[in-house]
Amino acid sequence: MHTSSRNLSLYNGRKHNGLPSLQGLRRKLSAGNAMALLRLLLACSLLFTVATPVTDITNACTSQISDFQHLNSTGLHLTLHHPQSPCSPAPLPSDLPFSTVLAHDDARVAHLASRLAKTPPSGRPTSLRKKATDDGLADSLAASVPLTPGTSLGVGNYVTRLGLGTPATTYAMVVDTGSSLTWLQCSPCVVSCHRQAGPLFDPRASSTYAAVPCSAPQCGELQAATLNPSACSASNVCVYQASYGDSSFSIGYLSKDTVSFGSGRFPGFYYGCGQDNEGLFGRSAGLIGLARNKLSLLYQLAPSLGSSFSYCLPTSSSAAGYLSIGSYNSGQYSYTPMASSSLDGSLYFVSVAGMSVGGSPLAVSQSEYASLPTIIDSGTVITRLPTSVYTALSQAVAAAMGGAPRAPAFSILDTCFQGQASKLRVPSVDMAFAGGAKLKLAARNVLIDVDDSTTCLAFAPTDSTAIIGNTQQQTFSVVYDVAQSKIGFAPGGCS
């Protein structure tokens, strides 16, 4: 939804809870014609999606995550939903073509690779200056900075709920291990807001809300958190800018308030209060960042809960999985060290040691697995492997499936079969990591149904950055122990 000029003038010259007048917050983003068309088509599909109240969906999909075997009695436990699950509080359209999902997935991967390659900004400028208009609106912001491409958001990311403010109001948020800054859409949303489930967050309604001044150290940390420099409003309020690989972005005020999850309340939480939010975000209110950065949710809650989190990513047909922050049952996991890398200090790097199909190792050398940096990411759908490793995997899976009739390539997926994964004889695939950790992949983690009559190998080749995607992580419990610099895997996490 776009705020009308009437609503814009409503806030002219007024300040709320430390916010400057907001009418000057504008953007001028340019993108390629193809991506602009993609955004237009997706926006149209979302426009005709009727927003269902969060409470209605919740009542229809009750899940007791406390019964999950890998959760202990302490820590913070949140329900996690697949982005296309009907149980999600902010589901993507049920008829969203899988080719669209793959297009956004490819955009995410491309920009993660660009981020690791330290590719300079593409020159796409964003102006926060609004010229004076006939109605006399003054310019409250004066800054123009380039937006650095980040990662595609909202298509592959899982969804949970976050409470914010005093009194607390709950919002549906996507979870992303590849992002640091947590942000959500805020009233009055003077430039643009995407359609979301439930009301916008209203800073005026929270007694604990405060805008963060430009002199605060957290303002200086935005460069590392968002890969974009901070700006400063005419009223000395810090302005953040978060941009994503599919031309989605959020611009607004760095803020501080009390964040809550269930009965747990954590004051003094820094986040972005978005006033210009555009692109494909489904119907979520914003994003929870779990990367390795001072402004991420993990790092801000660490003094209270510790520096670890775990999750189980459910399949689209499952009721729910979980996101747990804090202590975990350490004896249930096999571990791999977090690999050190100078490419990006906020992402989670791992080392793949080998792969096998039907118990037989792929015919590739150890050095080929290590030929590219490898990250594990919650928002990438399809796992990317070094081209030589992928080719060997594709050939081994096709050979093991014997007489299964082949189907044409589908988008970025080139090893496809007729039928559905659940009705085919799919070989076991194991992924081994440094330190002895292993993912024993079931058919649902090996093949992905792209339509009613076609299923494809859920891996793709890359010559830039290898990524362990969320299709391979589904139903496993995955723990990120940042304090001990290790990642653990355990089967049966969502049961």
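This one's a predicted model, so the numbers in the text were calculated from it and none came from an experiment. (Residues numbered from 1 in each chain as written. Predicted model: local features only at pLDDT ≥ 70, side-chain atom pairs only at ≥ 80, totals over all residues. Heavy atoms only, no water.)

### Details of the overall build of the protein chain
Turning to step 1, where the next piece is worked out: Secondary structure summary: the protein chain contains 11 helices and 30 strands in total.
Turning to step 2, where the next piece is worked out: Put simply, 73% of the contacts in the protein chain that link residues at least 6 apart link residues at least 24 apart.
Turning to step 3, where the next piece is worked out: Split by element, the accessible area of the protein chain, about 18300 Å² in all, is 54% carbon and sulfur. (Helix = DSSP H or I, 4+ residues; strand = E, 2+ residues; numbered from the N terminus. Contact = heavy atoms within 4.5 Å. Areas by Shrake-Rupley, 256 points an atom, 1.4 Å probe, with all protein chains shown as cover.)

### So, helix α9 (residues 387-400)
Given 3.6 residues to a turn, an α-helix orients residues that are three or four positions apart in the same direction.
Turning to step 1, where the next piece is worked out: Counted at 1.5 Å a residue, the expected span for α9 with its 14 residues is 20 Å, and the 20 Å between its end C-alpha atoms agrees.
Turning to step 2, where the next piece is worked out: Of the residues flanking the end of α9, it is G402, one or two places downstream, whose phi is positive at about 55°. (Expected span 1.5 Å × (residues − 1).)

### Topic: the pairing of strand β30 (residues 486-490)
Turning to step 1, where the next piece is worked out: Counting buried positions over the five residues of β30 gives four, a clear majority of the element.
Turning to step 2, where the next piece is worked out: Across four bridges, strand β15 (residues 334-337) lies against β30 in antiparallel orientation. Following the sheet pairing, T336 is matched in β30 by I487.
Turning to step 3, where the next piece is worked out: Sheet topology note: the strand β29 (residues 477-481)/β30 ladder contains five bridges and is antiparallel. In the strand pairing of β30, V478 is matched with F489.
Turning to step 4, where the next piece is worked out: If you look at the hairpin formed by β29 and β30, you'll find four residues sitting between the two strands, and S485 has a positive phi there, around 50°. (Buried < 20%, exposed > 50% of the residue type's maximum accessible area, 1.4 Å probe, protein only. Pairing = 2+ DSSP bridges.)

### Topic: the confidence of the model for the protein chain
Turning to step 1, where the next piece is worked out: Residues of the protein chain with pLDDT of at least 70 account for 76%, and the chain-wide mean is 81.
Turning to step 2, where the next piece is worked out: Segment residues 21-60: pLDDT under 50, and 94 contacts once partners within four positions in sequence are set aside and those in other chains are kept.
Turning to step 3, where the next piece is worked out: Scored below 50 in pLDDT, residues 121-152 makes 103 contacts in the model with residues more than four places away or belonging to other chains. (pLDDT = per-residue confidence, 0-100.)

### Some details on helix α7 (residues 297-305)
Turning to step 1, where the next piece is worked out: Among the residues making up α7, those that are buried are L297, L298, Q300, L301 and A302.
Turning to step 2, where the next piece is worked out: Elements in contact with the buried residues of α7: β1 (76-80), β10 (249-261), β11 (264-278), β12 (286-289), β13 (308-312) and β14 (321-325).
Turning to step 3, where the next piece is worked out: Note on α7: the residue one or two positions beyond its end, G306, has a positive phi of about 100°.

### Let's talk about the state of the cysteines
Turning to step 1, where the next piece is worked out: A complete count under the given rule lists six disulfides for this structure.
Turning to step 2, where the next piece is worked out: In this model C416 forms its disulfide with C456; the gap between the sulfur atoms is 2.1 Å. Across the disulfide from C416 to C456, rotation about the S-S bond amounts to roughly 100°, and the bridge is consequently right-handed. Here C456 lies in strand β26 (residues 454-457) and C416 lies in strand β22 (residues 416-418), a separation of 40 residues in the sequence.
Turning to step 3, where the next piece is worked out: The buried category is assigned to C416, whose relative accessible area is 0%. (Disulfide = S-S within 2.5 Å.)

### Considerations on the pattern of salt bridges
Turning to step 1, where the next piece is worked out: Tallied over the full model, the rule gives seven salt bridges.
Turning to step 2, where the next piece is worked out: Of the charged contacts, one joins D105 and R384 as a salt bridge, the two residues approaching to 2.6 Å between their closest N and O atoms. Of this pair, D105 sits in helix α4 (residues 98-116) while R384 sits in strand β20 (residues 383-386); the two residues are 279 residues apart in sequence, bridging distant segments of the chain.
Turning to step 3, where the next piece is worked out: D105 sits in the buried class, given a relative accessible area of 3%.
Turning to step 4, where the next piece is worked out: Exposure remark for R384: the relative accessible area of 2% places this residue in the buried category.
Turning to step 5, where the next piece is worked out: In this structure, the salt-bridge partner of R108 is D176, at a minimum N-O distance of 2.5 Å. Here R108, found in helix α4, pairs with D176, found in strand β5 (residues 169-176); they are 68 residues apart in sequence, far enough to count as distant. This pair shows no difference in class: R108 is buried, exactly as D176 is.
Turning to step 6, where the next piece is worked out: Counted as one network, the salt bridges with shared partners bring together D105, D106 and R384. (Salt bridge = Lys/Arg side-chain N within 4 Å of Asp/Glu carboxyl O.)

### A closer look at the sheet that holds strand β23 (residues 429-433)
Turning to step 1, where the next piece is worked out: Read from one edge to the other, the open sheet built from four strands follows the order β18-β17-β23-β24, with strand pairing classed as antiparallel. A strand with exactly one partner marks an edge of an open sheet, and here the two such strands are β18 (360-361) and β24 (438-441).
Turning to step 2, where the next piece is worked out: Pairing of strand β17 (residues 352-357) with β23 involves five bridges; the strand directions are antiparallel. From the neighbouring strand, V357 faces β23, where its bridge partner is V429.
Turning to step 3, where the next piece is worked out: Contacting β17 and β23, α9 runs over the sheet at an angle of about 20° to β17. (Axes fitted to C-alpha atoms, helices over the stretch in contact; angles between N-to-C directions.)

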